[in-house]
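What follows is the residue order along each chain.
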Amino acid sequence: MKPILVRGGRVIDPSRGADDVADVLLAGGTIEAVGRNIGVPDDATVIEAAGRVVAPGLIDLHTHLREPGQEDLETIATGAMAAVAGGFTAVCAMPNTDPVCDNQGVVGFVVSQAQRAARARVYPIGAISLGQKGQQLAEFGELVGAGAVAVSDDGKPVMSSHLMRTALEYARVFGIPVADHCEDMALAEGGAMHEGIVSTRLGLKGIPAAAEEIMVARDILLAELTGGHVHLCHMSTRGSVALIRRAKDMHLRVTSEACPHHFTLTHEACEGYDTNAKMNPPLREAEDREAIRGALRDGTIDVIATDHAPHHYDAKEREFDDAPNGIIGLETALPLAITELVGSGLLTLPELILRMSTAPARTFNLPGGTLATGAPADLVVIDPDVEWEIRPEAFHSKSRNTPFAARRVRGRAETTIVRGAIAYQRV
Amino acid sequence: MAALGKDLVGLEHLSADQIRLILDTAEPFKEVSERPIKKVPALRGKTIVNLFFEASTRTRISFEFAEKRLSADTVNVAASGSSVSKGETLVDTAKNLEAMRIDMVVIRHGSSGAAQFLGHRIASNVINAGDGKHEHPTQGLLDILTLRDRFGRIAGLKVAICGDVLHSRVARSNIWGLTKLGAEVAVCGPPTLLPRGIASLGVTILPRIEDAIAWADALNVLRLQLERMQTGFIPSLREYNRVFGVTRERLARAPKDLLILHPGPMNRGVEIDSDVADGEHSVILPQVTNGVAVRMAVLYLLAGGRAAPAQAARGDEA
């Protein structure tokens, strides 16, 4: 593998508090050197990065790759390609596949498919319970041994407080977080969008904010009880933010993530029964969106994650009640974050890189998230200023389900390097 | 281009003038149904599909009479026994109907937004005959026409919509239509059956049925779906009647006579007592009669008939 010199970019590395114009030399799959005027080794590939941002590769803690089981929606190869096109050098794959990722066979399959794809790194997340059924604990030891980095029952909330308690306790043995989709199923049952004035107008059954907040509160209490690490997925309400803020004040092992759609859109996007605005947790109110933004600024919410959820176009081409939840996000997360958070002055670029790279790595204890010498050569070159229009037909993902089609945004990944090799180069 | 646009999905996006146009157009059509030969040629040669994904007696028959009295050719499609029950999607069903070169679809569907979904995907006119909990615009229009018949006006009228507003498409269409025409609207029912933020639609919330009766000029009493008890929204039908039922005793204490509307089908002894439903101030059957005229008006206007309504009702050729 030839060395790569990324020359003259604005190198932002939140792990070292660095933000300077510098060169980065990658060799042997690791970061060889960072500094000014590094000489070009004879055989090196040179990437000119003047005017660009050079950052540790983005890491997504919440991705659905659909393989095994629903390869018509996405495969590990297409998802890993979409990831690098969006600036992500690693993604964590949720276990809601068919079969469910609750045993070493499926974990190993995901790992080997990711190796064959040779794009973004893919870290499997194992199921908390066998079959995501919420009854019997999966074999965390076996899952971790095969390569799982966390456990989650994903879209099947762990309704049993006893199961959640034992999962948090048992996960401590392996030092892995338990990621929870917080939703009280009885309160949310049949809901298609946020419960509020828009759902009332559209005549759609709503999901109240309390359905999320009840489970956030429970998970925080169980983190306190067990000393386990709970990671709260895709936070969407101002009430959740207040609960997490309190948990952080108590120094509990509680981390959380928020998605670009929740800091960009509100339930108004469901007007006209646009099924691309249907997701779970649902798009909430303007006050919730502001609270999520504030929490990303002050660190109450640690991480930006995509909840990338591919669906076939005709699955969304139906009645709102019957359409599946979720949108894809790997190729829109960075531009949306730059446009909505940096463009609005809420975050600086280093703060954004922290939320999308360094903090995700720390939260799930993953390699990367840093440009320190000796760290993995996972890196992204970002043009932070380019203005463009989101065109789903140009996505690398197999799916096109996004509410952001034709939206004008700023910033995107130009070059993505994984393990010291160029995994994506915008042409 | 008809003055209503291509489809009638709901009253939310109609103007007061458009609603008045429909009501005024319905007036001459009322008389058609009183004739020995109940037929005018206004929609001769038009093909209309009544696409009903939910069971319906009154609304489906009312639309069918309206279509036939306008001389349209009609086909009724019920969800059971059709390709729908074999798993065909709504968009495929619609495209297949379209391929048979139809002019209009009247759709009743259990999912909110289904009528708009269809309207955006086919060139034919689409009329919403009730979509989920969203709207039932022709029911709203016939309720408003019935109120206008009795009071001579809508502006300033006080109308209380009572009962299961949460699950009611009739309530939403009434709220939009009445408020646009200047009526004061209140909703009254157990808080478990009032949707979040309903006041943002411009209505007052009255917590007790006694308050609604004391305030209103007219009550529109909604049907209580019997399964609401099993799903925990109310303790029992008996309790509902005791606390929220529209009874003769409660009406007797009202400061004035109230007009009583009900979109049907009624649960006698639950939301409304029989002696009220059959009483002198009930306009439940005139509502049904007006339903045919209102639906004739909507079909006629969406088809873009060039004859003035009075001529169309006389049977003159356009």
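Right above here is the structure, for reference.
Just so we're clear, the structure is a prediction, and the values are computed from it rather than from any experiment.

So, on to the overall build of chain B. Across its full length, chain B carries 12 helices and nine strands. Radius of gyration (C-alpha) of chain B: 19 Å, near the 20 Å computed for a compact globule of 318 residues. Dimensions of chain B, computed from the C-alpha atoms along their principal axes, are close to 55 × 45 × 35 Å. Within the span of chain B, comprising 318 residues, buried residues form 58% of the whole. Look at the contacts in chain B between residues 6 or more apart in sequence, and 74% of them connect residues 24 or more apart.

All names here are of chain B. Locating Ile-48 in the fold gives a position in strand E1 (residues 47–52). When the C-alpha atoms of Ile-48 and Asn-125 are compared, they prove to be 9.3 Å apart, with 77 residues separating the residues in sequence. The residues touching Ile-48, leaving out its near neighbours within four places in the chain, are Leu-43, Glu-67, Ala-72, Asp-73, Thr-74, Val-75, Met-104, Val-106 and Leu-299.

Attention now goes to the interface of chain B and chain A. Between chain B and chain A, the residue contacts involve 23 residues of the former and 17 residues of the latter. Summing both sides of the interface, chain B and chain A together bury roughly 1600 Å²; the carbon and sulfur share of this comes to 51%. The interface formed by chain B and chain A contains three salt bridges. Between Arg201(A) and Glu12(B) there is a salt bridge, with the nearest N and O atoms lying 3.6 Å from each other. Linking chain B with chain A are eight residue pairs in polar contact (both at pLDDT 80 or more).

This brings us to the sheet that holds strand E8 (residues 121–126) of chain A. Residues and elements named next belong to chain A. Spatial strand order, E6-E7-E8-E9-E10-E13-E14-E15: eight strands in an open sheet with parallel pairing. Each having just a single partner strand, strand E6 (58–63) and strand E15 (303–304) make up the two edges of the open sheet. Where helix H13 (residues 349–363) meets the sheet, it contacts E6, strand E7 (88–93), strand E13 (230–232), strand E14 (254–258) and E15, and its direction lies at approximately 65° from that of E6.

Once that is clear, we can look at the packing of helix H2 (residues 58–69) of chain B against helix H11 (residues 284–302) of chain B. All names here are of chain B. Here H2 crosses H11 at 55°, and the two axes come no closer than 8 Å. Overall, the two elements H2 and H11 adopt an arrangement that is oblique. In this structure, the crossing between H2 and H11 has a hand that is right-handed. Residues Arg-58, Thr-59, Ser-62, Phe-63, Phe-65, Ala-66, Glu-67 and Arg-69 of H2 lie in contact with H11, whose contacting residues are Val-288, Gly-291, Val-292, Arg-295, Met-296 and Leu-299.

Here we come to the pattern of salt bridges. Counting across every chain of the model gives 38 salt bridges over all chains. Between Arg238(A) and Glu285(A) there is a salt bridge, with its nearest N and O atoms 3.6 Å apart. Linking Arg238(A) in helix H8 (residues 238–249) with Glu285(A) in the loop between helix H9 (260–264) and helix H10 (286–298), this pair joins segments that are 47 residues apart in sequence. Residue classification places Arg238(A) among the partly exposed residues on the basis of a relative accessible area of 39%. Salt-bridge contacts for Arg121(B) lead to Glu317(A); the nearest nitrogen and oxygen are separated by 2.4 Å. Taken as a pair, Arg121(B) in the loop between helix H4 (114–119) and strand E4 (125–131) and Glu317(A) in the loop between helix H11 (313–316) and helix H12 (333–342) lie in two separate chains rather than in one. Overall, the relative accessible area of 26% leaves Glu317(A) in the partly exposed class.

Bringing the sheet that holds strand E6 (residues 184–188) of chain B into the picture now. Two modes of strand pairing occur in sheets, parallel and antiparallel, and in both the strands are linked by backbone hydrogen bonds. Residues and elements named next belong to chain B. As summarised here, the arrangement of the five strands in space is E7-E6-E5-E8-E9, forming an open sheet in which the pairing is parallel. Each edge of the sheet is formed by a strand with only one pairing partner; in this case those strands are strand E7 (204–206) and strand E9 (259–261). Strand-to-strand, the axes of this sheet are offset by a mean angle of 25°, without reference to chain direction. As defined by bridge partners, E6 adjoins E7 across three bridges and the pair is classed as parallel. Following the sheet pairing, Cys-188 is matched in E7 by Leu-206. Sitting on the sheet, helix H5 (residues 137–151) touches strand E5 (158–162), strand E8 (218–221) and E9, and the angle it makes with E9 is about 165°.

The next subject is the environment of Pro41(B). Residues and elements named next belong to chain B. Among the secondary structure elements, Pro-41 is positioned in the loop between helix H1 (16–32) and E1. By relative accessible area, which is 17% here, Pro-41 ends up buried. Residues Pro-41 and Gly-315 lie 274 residues apart in sequence; the distance between their C-alpha atoms is 6.1 Å.

Across all of its chains, the model carries five aromatic pairs over all chains by this definition. Ring centres 5.2 Å apart and planes at 80° place the aromatic pair Tyr170(A) and Phe174(A) in the edge-to-face group. What makes Tyr170(A) partly exposed here is its relative accessible area of 34%. An aromatic cluster is present here, built from Phe140(A), Tyr170(A) and Phe174(A) joined pairwise through their rings. Positioned above the aromatic ring of Phe65(B) is the side chain of Arg69(B), whose terminal nitrogen or guanidinium carbon lies 4.6 Å from the ring centre.

Let us look at the pairing of E4(B). Residues and elements named next belong to chain B. Of all seven residues that make up E4, seven are buried, and the element is covered over most of its length. Of the strand pairs in this sheet, strand E3 (residues 104–109) and E4 are connected by five bridges, and their pairing is parallel. In the strand pairing of E4, Ile-107 is matched with Asn-128.

The next thing to look at is unusual backbone geometry. Along the chain, Asp98(A) connects to Pro99(A) via a cis peptide bond; the corresponding omega equals 5°. By the secondary structure assignment, Pro99(A) is in the loop between E7 and helix H2 (104–117). A cis geometry characterises the amide bond from Gly264(B) onward to Pro265(B), with omega recorded as -10°. Looking at the secondary structure, you find Pro265(B) in the loop between E9 and helix H10 (274–277). Its identity as a non-glycine residue notwithstanding, Asn37(A) has a phi of 55°, on the positive side. Mapping Asn37(A) onto the fold places it in the loop between strand E3 (30–35) and strand E4 (45–48).

Let us look at the pairing of E14(A). Residues and elements named next belong to chain A. Burial runs high along E14: five of the five residues are buried. Inspection of the sheet shows E13 paired to E14 by three bridges, in the parallel sense. Among the inter-strand pairings, His-231 is bridged to a residue of E14, identified as Thr-255. Each parallel crossover has a hand, and the one from E13 via H8 to E14 is right-handed. Summarising the sheet, E14 and E15 pair through two bridges and their orientation is parallel. Looking across to E15, one finds that Ala-258 is bridged to Ile-304.

Here is what the cut-offs are and how they apply
Residues numbered from 1 in each chain as written. Chains lettered and ligands numbered in written order. Predicted model: local features only at pLDDT ≥ 70, side-chain atom pairs only at ≥ 80, totals over all residues. Heavy atoms only, no water. Helix = DSSP H or I, 4+ residues; strand = E, 2+ residues; numbered from the N terminus. Rg over C-alpha atoms; globule rule 2.2 N^0.38 Å. Buried < 20%, exposed > 50% of the residue type's maximum accessible area, 1.4 Å probe, protein only. Contact = heavy atoms within 4.5 Å. Buried area = accessible area lost by both parts, 1.4 Å probe. Salt bridge = Lys/Arg side-chain N within 4 Å of Asp/Glu carboxyl O. Polar contact = N/O pair within 3.5 Å; in protein donor to acceptor, adjacent residues only side chain to side chain. Pairing = 2+ DSSP bridges. Axes fitted to C-alpha atoms, helices over the stretch in contact; angles between N-to-C directions. Parallel < 35°, antiparallel > 145°, perpendicular 65-115°, else oblique. Left-handed = near helix turned anticlockwise from the far one by under 90°. Phe/Tyr/Trp six-rings, centres within 6.5 Å; stacked < 30°, edge-to-face > 60°. Lys NZ or Arg CZ within 6 Å of the ring centre and 35° of its normal. Right-handed = clockwise from strand over helix to strand, strands pointing away.

Read these as geometric descriptors, not functional statements.
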